[in-house]
Amino acid sequence: MSLYRADPKDGVAWITGASSGIGRQLALDLARDGYTVAATARNEARLATLSAEAAAFKGKIVPYAADVTNPAAMDHAVAAIESSLGPIVLAIFNAGNYYPTRGDHLVAEKFVQTYEINVFGVMYGLVPVVARMEAHGRGQVAITGSV
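One structure accompanies this document, and this report is about it. Please read all numbers here as calculations on a predicted model, not as lab measurements.

An order of 3-2-1-4-5 is seen for the five strands of this open sheet, with the pairing classed as parallel. Whereas interior strands pair on both sides, the edge strands pair on one side only; in this sheet they are strand 3 (60-65) and strand 5 (140-143). For this sheet, the mean inter-axis angle between neighbouring strands, taken without regard to orientation, is 20 degrees. The pairing of strand 1 (residues 12-16) with strand 2 (residues 36-41) spans five bridges and is classified as parallel. Bridge pairing in strand 2 links alanine 13 to valine 37. Strand contacts of helix 4 (residues 108-136): strand 1, strand 4 (88-93) and strand 5, with the helix running at about 165 degrees to strand 4, the strand carrying the most contacts.

A contiguous nonpolar surface patch, about 670 Å² in accessible area, is contributed by Leu106, Phe111, Tyr115, Val119, Phe120, Met123 and Val127. Position of valine 119 among the secondary structure elements: in helix 4. Judged by relative accessible area, which is 40%, valine 119 ranks as partly exposed.

Moving on to the pattern of salt bridges. In this structure the tally under the stated criterion is seven salt bridges. The residue aspartate 10 makes a salt bridge to arginine 138 at a minimum N-O spacing of 3.8 Å. Taken together, the positions of aspartate 10 in the segment before strand 1 and arginine 138 in the loop between helix 4 and strand 5 put the pair 128 residues apart, joining distant regions of the chain. For arginine 138, a relative accessible area of 35% corresponds to the partly exposed category. Ionic pairing is found between glutamate 53 and arginine 24, a salt bridge with its closest N-O pair at 2.5 Å. Remark: arginine 24 occurs in helix 1 (residues 21-32) and glutamate 53 occurs in helix 2 (residues 44-53); sequence separation between them is 29 residues.

What follows deals with the packing of helix 1 against helix 2. Their axes nearest at 10 Å, the elements helix 1 and helix 2 cross at an angle of 30 degrees. The orientation of helix 1 with respect to helix 2, classified from their angle, is roughly parallel. In this structure, helix 1 meets helix 2 at a crossing whose hand is right-handed. Residue-level inspection shows Arg24, Ala27 and Leu28 of helix 1 in contact with helix 2, the latter providing Thr49, Leu50 and Glu53. Looking at side-chain class alone, the contact of helix 1 with helix 2 contains three nonpolar, one polar and two charged residues.

Thresholds, definitions, all that
Residues numbered from 1 in each chain as written. Predicted model: local features only at pLDDT ≥ 70, side-chain atom pairs only at ≥ 80, totals over all residues. Heavy atoms only, no water. Pairing = 2+ DSSP bridges. Helix = DSSP H or I, 4+ residues; strand = E, 2+ residues; numbered from the N terminus. Axes fitted to C-alpha atoms, helices over the stretch in contact; angles between N-to-C directions. Contact = heavy atoms within 4.5 Å. Patch = residues over 30% accessible without salt bridge, like charges linked within 9 Å, V, L, I, M, F, W, Y side chains within 5 Å. Areas by Shrake-Rupley, 256 points an atom, 1.4 Å probe, with all protein chains shown as cover. Salt bridge = Lys/Arg side-chain N within 4 Å of Asp/Glu carboxyl O. Buried < 20%, exposed > 50% of the residue type's maximum accessible area, 1.4 Å probe, protein only. Parallel < 35°, antiparallel > 145°, perpendicular 65-115°, else oblique. Left-handed = near helix turned anticlockwise from the far one by under 90°. Nonpolar A, V, L, I, M, F, W, Y, C, P; charged D, E, K, R; others polar.

Take a look at the structure:
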């Protein structure tokens, strides 16, 4: 089996956590390289700004507001992206956050919040997108790590 590397001519790049930091920069870089980028985050205003910033690029950025901690929202996002833009050939799971808790006063909910986004948020998007990639016969996935 040969290793597949996504290419802008093959389909869409999907990035979670695209409204700031690494995800935002990746979205801009991929759009500059000619990808149609489906940008997902919770903050619709930041996504709209990101999309406008890429207006002159070879590719484009299309906002898809969703919360990675909601499995139904991730299923819907994948279906909506593929329905309107085409097959997702590159998925970058980048959403992450950190809710600190002091060692001398541990708060279990802080750990749960961190894992909901950083671990389960990946899984909630990974399951539906990999199923679609398998149906299309190709796809590439990247996962960034956080705390």
